[in-house]
Amino acid sequence: MMTEVREIVIPGEILGKIKEAKASYGTFVEGDEIISKFLGILKKSGDHISVVPLSGVYIPKRGDKVIGLITGIEKVGWVIDINSPWLAFLYLAEAVDEYVDLKRTDITRYYDVGDMIYAQVSDVKLGNVQLSMRDQMARKLKGGLTIKITPSKVPRLIGKSGSMINTIKEKTNTMIRVGQNGVVWVSGEKIHKAVKAIKMIDEKSHIIGLTEEITKLLSE
Amino acid sequence: MRADYILKLLENGERIDRRKLDEFREIKVETGIIKKAEGSARVKIGNTDVIVGIKMNLGAPFPDVPDMGVLKTGAEFVPIASPDFDTGPPGEDATELARIVDRGIRESECIDLEKLCIKEGERVWEVYVDIHIINHDGNLIDASALASVAALKTSKMPELKEDKIVRDKLVKKLPVNHVPVAVTVGEISNNFIIDPIKEEEDVLNSRLSIAVTEEGKICAMQKGGNCALSMEEVEKMIDLAVKKSKEIRKFL
Amino acid sequence: MGMKTEEKLIVKGKRLDGRKPDEIREIEMKVGGIPNANGSAQVKFGDTVVIAGVYGPRPLFPKHLQRSDRAIIQCRYNMAPFSVEDRARPGPSRRSIEISKVTRLALEPALFLEDYPETVVDVYIEVLQADGSTRVTGINAASLALADAGVPMNDLVVAVSGGKVDNTIIIDLCGKEDNYSLADMPVAYMPRKKEITLFQMDGGLTSEEVKQIIKNILKSGEKVYEKQKEALKKKYAE
């Protein structure tokens, strides 16, 4: 049975002309041609040509909601692993509302090494990534399991207006938080099934009809 | 956080990939994959992937055993196989693994080294067993030992013409008499597990690797990990390893 | 290279393995295969078998190697001890160190490294079986592995060896031809604009012969590029 896949393009492949289209994410312009930068899925919407990479590391962007692991403590904040080639930093002032007397307080009472947090990227300057927990949704994630998927596949996992992720949550009775950085936290009843569905989306995001396959998997 | 989750599951007798505590992942064995080597095998246990190549050379025997061929086992933990592997000469883990696999082959008398003697005291065949890790997802010892023996069992010796090796001509099988198999048992939270994946290995208290022949003779043992084991635990682990070795042997 | 032999390497226009002078061996390419790596690939040219794995972009230590404006690329070409006729002692040799360097320089122009300051892209090439032209096979595999890893690229990199045996210009030297050749010329290039990124020669050639070999390489390189494209797309074809 032949599975239908979306159109895959390779780096260096010519996708169109700048006279006829606009070069968007995942492409670059050379002369009058729009060329793919990645091995990815070709997307044409309106006159925009873009390529969604099928793999690749997470590049932090301001505003992204991410899941990170606290790996170090400094005097004024915490060092966080956000599944990216660069470490992130969470300043005390961005994490705690109340006044903290640094001379007397051990900040591990707020967050400690090994804690998992759901936070927002507040600033990115040349490899210096800063997080903030001011947003309402920011919190420490307790228990559960975290898995990693390809960051470029996060939109697919979430689905239009959250349709995909909500379906998984409902059918497996789990709480799921998805970070733009490709880290997914799952807690609740049928964790294994939820993880299976998430992994399937990661592996088969290029297949048309994936939604049906996921629905099938979840009803088993 | 994943380590905590794995630990919690193991405390309840469960594993992250839903296997039973004493269950192996899928094992695949392919021999003769490196055509130019005298013998070769590729073993995959789950995502762990190891290639072993056998090369033969002429050399001098060790002075204390002038009528026996020479066996040399080496392992390369090449960085392509894991973010934890560095470039550089074999570290303590690679060295230890090579020596454990070597002991299993040597002490079981897997290869009939006496038949590899050409001229006593002067010329013998040297057998090089080179272990090359391709992807590290735990249990490298069992995979490497299995690949080594699978490769040796299917190895052929090149022709010897006037004291020179004729590489393109492989004339007879490498004399293999015994078939040792290695099984590693991990200990964690009062549970014994077989075939740990890398993330499980990272949380184990200790492990015991055991090489056993087809006759049930234990020919090599090695404890790893920095936690102590009681006598009862050791005995249980040995029994479990010997029992599971029969499953591995089916692939040889 | 340069060893003498009585044996004729080209008889009636056919090479030892029956190939014509401008014919490449049978090529097999597969993308993926090393789950731990960000990207990987295996390439076979006849009996030469090479795997490549890419890790990164990832943090780079020691810090003084970091560049504030882009990622750096590191490359390690290594031969498995059992990959050659006479077992090779494990560890880097002067030859493998040189090949690591020219391979890195062959791949670097194809990568967009500016998006990843202070990081490193590590490329590992392992030769599992050597039957001539291992460095170009490694470059073909590394090119696939980089694309598989999602490293942004300007173009793929295609590589083919050329040379001369028995006074005939040939393409894609096998082991024996490599050993007895009068000249050995590995070339790598980016196919879209035909920009050359690896160019070495060892032996004796006239400048006409060099130009002819380049032409032949660019022609047979098209076939290699098609195979690379096919292998990348096949990974997602189900």
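Because the structure is predicted, anything quoted here is derived from the model rather than measured. (Residues numbered from 1 in each chain as written. Chains lettered and ligands numbered in written order. Predicted model: local features only at pLDDT ≥ 70, side-chain atom pairs only at ≥ 80, totals over all residues.)

K.L.:
Honestly, the overall build of chain C in this entry has me stumped. Any pointers?
P.N.:
The helix and strand inventory of chain C stands at four helices and twelve strands. Its C-alpha atoms give chain C a radius of gyration of 18 Å, near enough to 18 Å, the size a compact globule of 238 residues would have. Along the three orthogonal principal directions, the C-alpha set of chain C runs to about 55 × 40 × 35 Å. Across the 238 residues in chain C, those meeting the buried criterion constitute 53%. Nonlocal contacts in chain C, meaning residues at least 24 apart in sequence, comprise 71% of its contacts between residues at least 6 apart. (Helix = DSSP H or I, 4+ residues; strand = E, 2+ residues; numbered from the N terminus. Rg over C-alpha atoms; globule rule 2.2 N^0.38 Å. Buried ≥ 20, exposed ≤ 12 C-beta atoms within 10 Å, placed from the backbone. Contact = placed C-beta atoms within 7 Å.)

K.L.:
Explain the overall build of chain B here, please?
P.N.:
Helix and strand counts for chain B stand at five helices and twelve strands. For 252 residues, the compact-globule estimate of 2.2 N^0.38 gives 18 Å, and chain B sits close to it at 19 Å. Taken along its principal axes, the extent of the C-alpha atoms in chain B is 65 × 35 × 30 Å. Here chain B holds 252 residues, and 44% of them are scored as buried.

K.L.:
I tried to follow the interface of chain B and chain A on my own but got confused; where do I start?
P.N.:
How big an interface is tends to be expressed through the accessible area that disappears when the partners come together. Contacts between chain B and chain A engage four residues on the former and five residues on the latter. When the residues that make up the side of chain B that touches chain A are grouped by side-chain class, the tally is two nonpolar, no polar and two charged. (Nonpolar A, V, L, I, M, F, W, Y, C, P; charged D, E, K, R; others polar.)

K.L.:
What is the right way to read the environment of C:Ser93 from this model?
P.N.:
All names here are of chain C. By secondary structure assignment, the location of Ser93 is in the loop between strand S6 (72–79) and helix H1 (94–107). Exposure remark for Ser93: the 13 C-beta atoms within 10 Å place this residue in the partly exposed category. Once the C-alpha coordinates of Ser93 and Ile27 are considered, the two residues, 66 residues apart in sequence, prove to be 28 Å apart.

K.L.:
Please explain the interface of chain C and chain A as it appears in this structure.
P.N.:
Contact residues are listed per partner, giving 28 residues for chain C and 21 residues for chain A. Among the elements of the structure, strand S5 (48–59), helix H2 (134–148) and helix H4 (207–234) of chain C are those that each provide at least two residues to the side of chain C that touches chain A. Here the side of chain C that touches chain A is composed, by residue class, of 13 nonpolar, six polar and nine charged.

K.L.:
Explain the sheet that holds S6(C) here, please?
P.N.:
Strands belonging to one sheet form pairs held by backbone hydrogen bonds; the direction of such a pair is parallel or antiparallel. Residue and element names in this part refer to chain C. Strand order in this open sheet of five strands is S3-S4-S5-S7-S6, and the pairing throughout is mixed. Strand pairing shows two members of the sheet lacking a second neighbour, strand S3 (27–31) and S6, which therefore form its edges. Recorded for the sheet is a direction-independent mean angle of 15° between the axes of neighbouring strands. Bridge count between S3 and strand S4 (residues 39–45): five bridges; the pairing is antiparallel. Of the residues in S4, the one forming a bridge with Ile27 is Phe45. (Pairing = 2+ DSSP bridges. Axes fitted to C-alpha atoms, helices over the stretch in contact; angles between N-to-C directions.)

K.L.:
How should I be thinking about the sheet that holds strand S6 (residues 40–45) of chain A in this particular structure?
P.N.:
A sheet is described by the order of its strands in space; here four strands give the open sequence S1-S6-S7-S3 (chain A), paired in mixed fashion. Edge positions in the sheet fall to strand S1 (8–9) and strand S3 (22–23) of chain A, since each has one partner strand and no second.

K.L.:
Looking at this structure, I do not really get the packing of H2(C) against H4(C). What am I missing?
P.N.:
Packed helices, taken two at a time, are described by the angle between their axes plus the distance between the axes. All names here are of chain C. Running from N to C, H2 and H4 point in directions that differ by 35°, and their axes come no closer than 11 Å. Judged by the twist between their axes, the crossing of H2 over H4 is right-handed. For the pair formed by H2 and H4, the contact residues are Asn140, Ser143, Leu144 and Ala147 on the first element and Val224, Gln228, Ala231 and Leu232 on the second. When grouped by side-chain class, the residues that make up the contact of H2 with H4 number five nonpolar, three polar and no charged. (Left-handed = near helix turned anticlockwise from the far one by under 90°.)

K.L.:
I would appreciate a short explanation of the packing of helix H4 (residues 191–204) of chain A against helix H5 (residues 210–219) of chain A in the present structure.
P.N.:
Residues and elements named next belong to chain A. Relative to each other, H4 and H5 sit at 160°, their axes nearing to 10 Å. In terms of orientation, H4 lies roughly antiparallel with respect to H5. Considering the relative orientation of H4 and H5, their crossing is right-handed. For the pair H4 and H5, contact is made by Lys193, Lys196, Ala197, Met200, Ile201 and Lys204 and by Leu210, Glu213, Ile214, Leu217 and Leu218, respectively. Of the residues belonging to the contact of H4 with H5, the class tally is seven nonpolar, no polar and four charged. (Parallel < 35°, antiparallel > 145°, perpendicular 65-115°, else oblique.)

K.L.:
What should I look at first to understand unusual backbone geometry in this one?
P.N.:
Leave glycine aside and you will find that most residues have negative phi; peptide bonds, for their part, are mostly trans. For the bond running from C:Gly56 to C:Pro57, omega is 0°, close enough to zero to count as cis. As for its placement among the helices and strands, C:Pro57 is situated in strand S5. Backbone torsion omega between C:Phe61 and C:Pro62 reads 5°, so that peptide bond is classified as cis. Tracing the chain through its elements places C:Pro62 in the loop between S5 and S6. A positive phi angle is found at B:Glu109, which is not glycine, with a value near 55°. Within the secondary structure layout, B:Glu109 lies in the loop between helix H2 (92–107) and strand S5 (117–119). Overall, the presence of 16 C-beta atoms within 10 Å leaves B:Glu109 in the partly exposed class. Although it is not a glycine, B:Asp195 sits at a positive phi angle of roughly 55°. Along the chain, B:Asp195 turns up in the loop between strand S10 (191–194) and helix H4 (198–201).

K.L.:
Got a minute to help me understand the pairing of strand S7 (residues 119–129) of chain C in this structure?
P.N.:
Looking along a regular strand, one sees side chains alternate from face to face of the sheet. Residues and elements named next belong to chain C. With eleven of its eleven residues buried, S7 lies for the most part within the structure. Bridge count between S5 and S7: nine bridges; the pairing is antiparallel. Bridge assignment links Pro59 to a residue of S7, and that residue is Thr119. With eight bridges connecting them, S6 and S7 associate as parallel partners. Bridge pairing links Arg76 to Tyr124 in S7. In this fold, the crossover linking S6 to S7 by way of H1 has left-handed handedness. (Right-handed = clockwise from strand over helix to strand, strands pointing away.)

K.L.:
Quick question: what am I supposed to make of H2(B) here?
P.N.:
At 3.6 residues per turn, the α-helix brings residues three or four places apart onto the same side. Residue and element names in this part refer to chain B. Here H2 contains 16 residues, and its C-alpha end-to-end distance of 22 Å stays within 8% of the 22 Å for a straight helix at 1.5 Å per residue. Taken together, the buried positions of H2 are occupied by Ala94, Leu97, Ala98, Ile100, Val101, Asp102, Arg103, Gly104 and Ile105. In this fold, the buried residues of H2 make contact with strand S4 (70–76), strand S6 (123–135), helix H3 (140–153), strand S9 (181–188), strand S11 (206–212) and strand S12 (218–224). Just beyond H2, the residue with positive phi is Glu109, at close to 55°. (Expected span 1.5 Å × (residues − 1).)

K.L.:
Explain the confidence of the model for chain C here, please?
P.N.:
Close reading of the predicted structure is inappropriate where its pLDDT is low. Looking at chain C, the pLDDT average stands at 95 and 98% of residues meet or exceed 70. As scored by the predictor, the complex reaches a pTM of 0.94 and an ipTM of 0.93. (pLDDT = per-residue confidence, 0-100.)

K.L.:
What am I meant to see in the environment of C:Val224 here?
P.N.:
Along the polypeptide, C:Val224 turns up in helix H4. Sequence separation between C:Val224 and C:Thr168 is 56 residues; the distance between their C-alpha atoms is 22 Å.

K.L.:
What's the story with H1(C) in this structure? I'm lost.
P.N.:
Residues and elements named next belong to chain C. Along its 14 residues, H1 runs 20 Å from first to last C-alpha, staying within 8% of the 20 Å computed at 1.5 Å per residue. Every buried residue of H1 is accounted for by Ser96, Ile99, Ser100, Thr103, Ala106 and Leu107. Buried residues of H1, viewed axially, fall in a sector of 130°; they line one side. Along H1, exposed side chains directed more than 90 degrees from the buried face belong to Arg94, Ile97 and Lys101. (Arc of directions from axis to C-beta.)

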